[in-house]
Amino acid sequence: INTSGGCTFPDLSATLVWVEEGSTPGCLNCVMNDLDLSVSLRGVTYFPNGRNGPDRVNSAERVVIRGVQNGDIATITVNAYNLAKRSQNYALVVTGCFGGTQNQLYAEGQCSEFECDNSASHRTRNILLAIFVPLGVILLCCVGGAIIRRRKNM
């Protein structure tokens with residue numbers, strides 16, 4: 001853990017997820033490819049999802065350690081407990097103070113995704129276009145059809 005650059009996040013969080021194959025109905029041990037997450041810090045091993053040992057029932061596991069200190073060294077371990085196939089892809093996301101600088105999702109001088117989020121206005125525009133463009137086409141076809149019928153009747 002490195003807070004030297006001003007990072008003030010007080011927690012270390014590690015989340016492990018993987019896609020689990022479907023199991024048979026009525027199964028007792030339904031996790032076919034069981035991966036285990038653990039985090040060791042200051043001589044204590046932390047297990048996911050508030051358990052005192054490995055989680056054998058979920059394909060999403062999370063360890064949160066509150067009150068980590070600058071200079072703490074954590075060891076994050078992913079073990080394959082039981083695999084139905086040779087390997088299992090997974091994703092591991094860890095948040096906390098690493099390297100001492102605040103993460104930025106944007107270039108210098110630009111606003112972040114959260115500050116400049118205009119997706120609601122784009123979404124509204126797209127919905128309105130999706131409604132009114134077809135209505136306009138239908139209206140033009142109806143008016144054009146009426147004009148053509150009128151000319152034929154003259």
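Residues numbered from 1 in each chain as written. Predicted model: local features only at pLDDT ≥ 70, side-chain atom pairs only at ≥ 80, totals over all residues. Heavy atoms only, no water.

Student: Help me out: how do you make sense of the sheet that holds strand E2 (residues 34-41) in this one?
Tutor: Note: strands within a sheet are paired through backbone hydrogen bonds, in either parallel or antiparallel orientation. If you trace the three strands from one edge of the open sheet to the other, you get E3-E2-E5, paired in antiparallel fashion. The sheet is open, and its two edges are formed by strand E3 (44-46) and strand E5 (74-82), each paired on a single side. Sheet twist, expressed as the average angle between the axes of neighbouring strands with direction ignored, equals 30 degrees. Across three bridges, E2 lies against E3 in antiparallel orientation. Counted as the bridge partner of Ser40 is Thr45 from E3. (Pairing = 2+ DSSP bridges. Helix = DSSP H or I, 4+ residues; strand = E, 2+ residues; numbered from the N terminus. Axes fitted to C-alpha atoms, helices over the stretch in contact; angles between N-to-C directions.)

Student: Help me understand the state of the cysteines in this model?
Tutor: Each disulfide consists of a covalent bond between the sulfur atoms of two cysteine residues. Tallied over the entire structure, the rule returns one disulfide. At a sulfur-sulfur separation of 2.0 Å, the disulfide partner of Cys7 is Cys97. Because the sign of the S-S torsion sets the handedness, a value of about -75 degrees for the bond joining Cys7 and Cys97 places this disulfide among the left-handed ones. Of this pair, Cys7 sits in the segment before strand E1 (11-17) while Cys97 sits in the loop between strand E6 (91-95) and helix H1 (119-153), placing them 90 residues apart in sequence. Its relative accessible area of 19% is what places Cys7 among the buried residues. In this structure Cys97 comes out as buried when scored by relative accessible area, which is 2%. Looking at the unpaired Cys141, the closest cysteine sulfur is the one in Cys142, lying at 7.0 Å. Owing to a relative accessible area of 54%, Cys141 belongs among the exposed residues under this scheme. Assessed through its relative accessible area of 49%, Cys142 is described here as partly exposed. (Disulfide = S-S within 2.5 Å. Buried < 20%, exposed > 50% of the residue type's maximum accessible area, 1.4 Å probe, protein only.)

Student: Looking at this structure, I do not really get unusual backbone geometry. What am I missing?
Tutor: Leaving glycine out, the prevailing phi sign among residues is negative, and the prevailing peptide bond configuration is trans. Here Arg42, not a glycine, exhibits a phi torsion of approximately 55 degrees, which is positive. Mapped onto the fold, Arg42 is located in the loop between E2 and E3. Not every positive phi belongs to a glycine, and Asn49 is a case in point at roughly 60 degrees. Its location among the elements puts Asn49 in the loop between E3 and strand E4 (60-66). Residue classification places Asn49 among the partly exposed positions, given a relative accessible area of 34%.

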